[in-house]
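Structural characterization, general
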Amino acid sequence: MLQRWIRLPYRLSILACLTAGALASLYAGHAAGSLAQASLPWPLMAACALVPGALALLLWRQHRLLQHQRALEQLRADAEQTRLASGQRKAREQERLRIGRDIHDDLGQHLLTLKIDLSMLQASTQGATPQLARQLAVMARNVDLSIAALRRVIHDLRPPALDAGLQAACDGLLADFQRSTGIDCSCDYRLDAAAGSAHGPLLYHALQEALANIARHARATHVQLCLQQAGDTLACRISDDGVGLTGSPPRLGCGLSGMHERVAAAGGSLHIASHSGAGTTLHLSLPLPDCRHDEAMVHR
């Protein structure tokens, strides 16, 4: 609609210029017939010279206005896409929280009740046949394994450590990693709380996966984590000084392949730089969904 309003006045202006040029030409021809040797008056010559220039200026102005309009429309489209992505991300997080609560309150309570019943049954049948005691012990162990698996699922849906913030959760992961492996860790945080909460679960799981791979394969002595906010982008870098990954490109396991998919679904990118004997660096970049294009908002 705006494009039509821009085009119509310029069409009328162009038509007026062409009409003025035609009238000037007719007047010049008439003057040349009546005054055979006389030259054209300078105002008429100036007007005839200005007509093409005015036409070119109007066309140039129309082109610039159309370019500006397209740029504003693109900014509005980007802002709308960012808003929709933010809404989808928040909806997914709320759904994950709901599923985690339902699993804990429903299935978790049933398993806990089953474990209590098995414990009471073991106590009441103490001294019975060895075969029954062994069977009850196997059942109790299977219930314990089920409870542990259930806790891992709930933890993956929403890590409880994130309730204290992303930085505190990452500090806890690095402290546990250093205590269990003896590998020195350092961290550098340059982001505010709002930026940290934007992709908290995704970054937390990425750090978990990276630390697990370092513990299993890297043979490193130092790990460094850097979380930095740069404009509307959140950058995460996890590097180690270990043996590096083999293959070109490096061969990725299921964990990192799944992380690639989750990062891509969030609109980000994940790159791994590794050389044999020179360590591995994981670069992760994610858009901050709450950022807005100021210029687009001003022109709304």
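Structure: see above.
Every residue gets a number counted from 1 within its own chain, in the order that chain's sequence is written. With the structure being a predicted model, the display of local features is reserved for residues of pLDDT at least 70 and the display and counting of side-chain atom pairs for 80 or more, all residues being used for whole-chain, interface and lining totals. With hydrogens and water stripped out, all remaining heavy atoms of the structure feed into the side-chain values.

Here's the deal with the state of the cysteines
Note on disulfides: each one is a pair of cysteine sulfur atoms within 2.5 Å. Under the defined criterion, the tally for this structure stands at zero disulfides. Not engaged in a disulfide, the cysteine Cys170 finds its nearest cysteine sulfur in Cys236; these two sulfurs lie 7.2 Å apart. Relative accessibility under 20% of the residue-type maximum defines a buried residue, over 50% an exposed one, and the middle range a partly exposed one, all with a 1.4 Å probe and only protein chains included. Taking the relative accessible area as the measure of exposure, Cys170 reaches 1% and is therefore buried. Free of any disulfide, Cys187 has its nearest cysteine sulfur in Cys170, 8.4 Å distant. Exposure remark for Cys187: the relative accessible area of 38% places this residue in the partly exposed category.

A word on the nonpolar core
In these notes, a set of buried Ala, Val, Leu, Ile, Met, Phe, Trp, Tyr and Cys residues joined through side-chain atoms within 4.5 Å is what counts as a nonpolar core. Among the nonpolar cores identified, the biggest contains 37 residues, and Leu203, Leu207, Val223, Leu225, Leu227, Ile238 and Leu284 are the most heavily contacted of them. Starting at the N terminus, helices and strands are each numbered in turn, a helix being any DSSP run of H or I of at least four residues and a strand any DSSP run of E of at least two. For this core, the elements supplying multiple residues, two or more each, are α4 (166-181), β1 (184-190), α5 (193-198), α6 (200-218), β2 (222-230), β3 (233-240), α7 (254-265) and β5 (280-287). Among the elements that line this core, the one with the most residues is α6, at nine residues. Any pair of residues with heavy atoms lying within 4.5 Å of one another is described as a contacting pair. Leaving out residues up to four positions away in the same chain, Ile238 has contacts with Ala206, Leu207, Ala210, Val223, Gln224, Leu225, Thr280, Thr281 and Leu282. If you look at the next biggest cluster of nonpolar residues, it comprises eight residues, including Ile103, Leu111, Val143 and Ile154.

Considerations on unusual backbone geometry
Generally, phi is negative for residues other than glycine and the peptide bonds are trans, each holding for most cases. Of note in this structure, Arg219 is not a glycine but carries a positive phi near 55°. Checked against the element boundaries, Arg219 lands in the loop between α6 and β2.

Description of a nonpolar patch on the surface
Patches draw on residues past 30% relative accessible area with no salt bridge. Two like charges within 9 Å are joined, as are two nonpolar side chains (Val, Leu, Ile, Met, Phe, Trp, Tyr) within 5 Å. All accessible areas in this document rest on Shrake-Rupley with a 1.4 Å probe, and a residue is counted as covered only by the protein chains that are shown. Take a side-chain nitrogen of Lys or Arg and a carboxyl oxygen of Asp or Glu: if they are within 4 Å of each other, that pair is a salt bridge. On the surface, Leu112, Ile116 and Met120 cluster together into a nonpolar patch covering about 290 Å² of accessible area. Mapping Leu112 onto the fold places it in helix α2 (residues 42-124).

Re the pattern of salt bridges
If charged atoms from side chains of opposite charge come close, those side chains can pair. Within the structure shown, the criterion is met by three salt bridges. With a closest N to O distance of 3.3 Å, Lys115 and Asp144 form a salt bridge. One end of the pair, Lys115, is in helix α2; the other, Asp144, is in helix α3 (residues 130-157), and 29 residues separate them in sequence. Here Asp144 falls in the partly exposed class, since its relative accessible area comes to 35%.

Describing the pairing of β3
As paired strands, β2 and β3 are joined by eight bridges and run antiparallel to one another. The residue of β3 that forms the bridge with Gln224 is Ser239. DSSP-based pairing: two strands are paired if at least 2 bridges between them are found. Counted between consecutive antiparallel strands, the loop separating β2 from β3 contains two residues, among which Gly231 sits at a positive phi close to 70°. For β3 and β5, the ladder comprises eight bridges, and the chain directions are antiparallel. By the bridge assignment, Cys236 is partnered in β5 with Leu284.

Brief notes about the pairing of β2
One ladder, built from seven bridges, connects β1 with β2; its direction is parallel. Looking across to β2, one finds that Arg190 is bridged to Gln228.

Observations concerning the packing of α4 against α6
The axes used here are C-alpha line fits, helices contributing only the stretch in contact, and every angle between their N-to-C directions lies in the interval 0 to 180 degrees. At a closest axis distance of 10 Å, the pairing of α4 and α6 adopts a crossing angle of 10°. Considering their axes alone, α4 and α6 lie roughly parallel with respect to each other. Along this stretch, α4 crosses α6, giving a crossing that reads as right-handed. Facing Leu166, Ala169, Cys170, Leu173, Leu174, Phe177 and Thr181 of α4, the residues of α6 in contact are Gly200, Leu203, Tyr204, Leu207, Gln208, Leu211, Ile214 and Ala215. In this classification, the charged set is Asp, Glu, Lys and Arg, the nonpolar set is Ala, Val, Leu, Ile, Met, Phe, Trp, Tyr, Cys and Pro, and all remaining amino acids, among them Gly, are polar. Counted by class, the contact of α4 with α6 contains twelve nonpolar, three polar and no charged residues. Here is the rule for angles: anything less than 35 degrees is roughly parallel, anything more than 145 is roughly antiparallel, 65 through 115 is roughly perpendicular, and the remaining ranges are oblique. The hand of a helix crossing depends on one turn: near helix anticlockwise from the far one by less than a right angle means left-handed, and clockwise means right-handed.

Section: the sheet that holds strand β4 (residues 269-274)
Across the sheet, five strands lie side by side as β1-β2-β3-β5-β4; this open sheet has mixed pairing. If you trace the sheet from one side to the other, it starts and ends with β1 and β4, each paired once. Across the sheet, the mean angle separating the axes of adjacent strands is 10° when strand polarity is ignored. Packing against the sheet, α6 makes contact with β2, β3 and β5, and its axis sits at approximately 10° to β3.

Let's talk about the environment of Asp188
Positionally, Asp188 belongs in strand β1. Distance from Asp188 to Leu225, taken between C-alpha atoms, is 6.3 Å for residues 37 residues apart in sequence. Counted as a polar contact is a pair of N or O atoms within 3.5 Å, where, for protein atoms, one must be capable of donating a hydrogen and the other of accepting one, and residues adjacent in sequence contribute only when both atoms are in side chains. A polar atom in the side chain of Asp188 sits 3.0 Å from the side chain of Arg190.

Quick look at α4
For α4, built from 16 residues, the straight-helix expectation of 22 Å at 1.5 Å per residue is met to within 8% by its first-to-last C-alpha distance of 22 Å. Gly182, located one to two residues past α4, shows a positive phi value of around 80°. A helix is expected to reach a length of 1.5 Å times the quantity of its residues less one.

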